Amino acid sequence: METTSPSPLTGIHHLTAVTAQIRENHAFYTHTLGLRLVKRSVNQDDVSAYHLFYADGAGSPGTDLTFFDWQLPRERRGTHSLSRTGLRVQGRETLAWWQRRLQERGVEVDSLQELDGRLTLPFYDAEGQRLALVDDGGLGDPPVVWGASPIPPEHQIRGLGPIVMSAPVLDPTEMILTAVLGMKRDREYRDPWSPGDTVTVFSMGSEGPSAELHVAVNPNLLPARLGAGGVHHVAFRTPTESSYRAWIQRLNQLRVPNSGPVDRFYFQSLYFREPGGVLFEIATDGPGFHVDEEVETMGESLALPPFLEPRRTTIEAGLTPID
């Protein structure tokens, strides 16, 4: 049987991580990193927990770093996990500016280094979330500047990428990435945090780190256990609802277990796990975060999808203010 060939994935859509310190998390990602809180909502499957979306000035696809507010112990680091989140900036001067800013604010930051041919500045939030500022050379969609950010426009974070995941072996994961998702195997480099381990770069439809997933092969690590400071899932971009429907059809034709269509109101989602257990999502670019709020005031109050609106009073009563 001939399988459906959807339009190629175009890059990273969003990444969702876990925090047990939601107020401190909000302060760090908005005040220290200067991202905009574009959607203040709840986990649609667990309404007792916030789901916060930090992004550029308009909440553009590819710029969303999101967090679930779950009271969990710290992540146990290991393989079968998403292990580092790249945040794109442009230029050596910007990276030097960020290095000074993070050091002055007492953020744990590593030395500026060249990694996979790009200048990279690894750092960590207070819960150990593994992040890195990456010089994207101007590649990828430009961000919408947030005028109220404490970060000057020329130094603002431009979006996500690359995303690094850890697997004990490459072949099963590579099969899903290339044969099912249509990614291209591009190149390899050595992992400086695990000398001797190899990282393989897989790219999607666009050029540059905004469209790359890096798979670090770490055969000697135990499996990770999700917790605060860890990553829950990564989502890949598909531009339209018709291409999204084609992806559902393709996964079903190839007998890849998946969630089926999930309407998240702000985008359409499709979830599945790669062979190592890492949770992937395919998400549409639209309709976007402006569908229920004015762009100028996005993120200032609790936003709920229509199916949760009847429960607003109860949901709000169970949440702790974050401002």
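Each remark here, short or long, concerns the structure printed above.
Now for a look at the structure at hand. Worth saying up front: this structure is predicted, and the values here are computed from it rather than measured. (Residues numbered from 1 in each chain as written. Predicted model: local features only at pLDDT ≥ 70, side-chain atom pairs only at ≥ 80, totals over all residues. Heavy atoms only, no water.)

1. A few points about the nonpolar core
Counting residues in each nonpolar core, the largest one holds 68 residues, and the members touching the most others are Leu 33, Trp 98, Phe 123, Leu 133, Leu 181, Phe 236 and Phe 280. Of all hydrophobic cores here, the second largest spans 10 residues; its members include Ala 283, Phe 289, Met 298 and Ala 303. (Core = buried A, V, L, I, M, F, W, Y, C linked by side-chain atoms within 4.5 Å. Buried < 20%, exposed > 50% of the residue type's maximum accessible area, 1.4 Å probe, protein only.)

2. Some thoughts on unusual backbone geometry
Put simply, Gly 161 and Pro 162 share a cis peptide bond, and its omega is -5°. Residue placement: Pro 162 occurs in strand β10 (residues 159-167). Cis geometry marks the peptide bond from Gly 286 to Pro 287; its omega dihedral reads 5°. Mapped onto the fold, Pro 287 is located in strand β17 (residues 279-287). A positive phi angle, close to 60°, is found at Arg 255, a residue other than glycine. One can find Arg 255 in the loop between α4 (241-253) and β15 (262-263). (Helix = DSSP H or I, 4+ residues; strand = E, 2+ residues; numbered from the N terminus.)

3. Examining the sheet that holds strand β3 (residues 46-55)
With mixed pairing, the eight strands of this open sheet are ordered in space as β2-β3-β4-β1-β14-β17-β16-β15. The outermost strands of the open sheet, each flanked by one partner alone, are β2 (36-43) and β15. Bridge count between strand β16 (residues 267-273) and β17: six bridges; the pairing is antiparallel. Counterpart to Phe 272 in the pairing with β17 is Phe 280. Sheet strands in contact with α4 are β14 (231-238), β15, β16 and β17, and its direction is about 20° off that of β16. (Pairing = 2+ DSSP bridges. Contact = heavy atoms within 4.5 Å. Axes fitted to C-alpha atoms, helices over the stretch in contact; angles between N-to-C directions.)

4. A closer look at the pattern of salt bridges
Applying the stated rule across the entire model yields 21 salt bridges. The residue Glu 241 makes a salt bridge to Arg 245 at a minimum N-O spacing of 3.5 Å. One end of the pair, Glu 241, and the other, Arg 245, are both in helix α4, four residues apart, so they sit about a helical turn from each other. Note on Glu 241: relative accessible area 44%, which makes it partly exposed. On the basis of relative accessible area, Arg 245 is assigned to the partly exposed category, the value being 40%. Taken together, the shared-partner salt bridges connect Asp 116, Arg 118, Lys 184, Asp 186, Arg 187 and Glu 212 into one network. (Salt bridge = Lys/Arg side-chain N within 4 Å of Asp/Glu carboxyl O.)

5. Side note on the environment of Pro 305
Checked against the element boundaries, Pro 305 lands in the loop between β17 and α5 (312-317). For Pro 305 and Gln 21, which are 284 residues apart along the polypeptide, the C-alpha to C-alpha distance reads 24 Å. Excluding anything up to four places from it in sequence, Pro 305 contacts Ser 41, Gln 44, Phe 265 and Tyr 266.

6. Observations regarding α4
Compared with the 18 Å implied by 1.5 Å per residue over 13 residues, the 18 Å span of α4 between its first and last C-alpha is a close match. Among the residues of α4, those classed as buried are Ser 243, Tyr 244, Ala 246, Trp 247, Ile 248, Arg 250 and Leu 251. Looking at the packing, one finds that the buried side of α4 touches α3 (171-180), β14, β15, β16 and β17. Within two residues after α4, Arg 255 carries a phi angle of roughly 60°, on the positive side. (Expected span 1.5 Å × (residues − 1).)

7. Structural notes on the packing of aromatic side chains
Overall, the coordinates contain 11 aromatic pairs when judged by the stated rule. Here a set of aromatic residues connected by ring pairs shows up, and it is made of Phe 28, Tyr 29, Tyr 54 and Phe 67. (Phe/Tyr/Trp six-rings, centres within 6.5 Å; stacked < 30°, edge-to-face > 60°.)

Remember, this is a structural readout, not a statement about activity or role.
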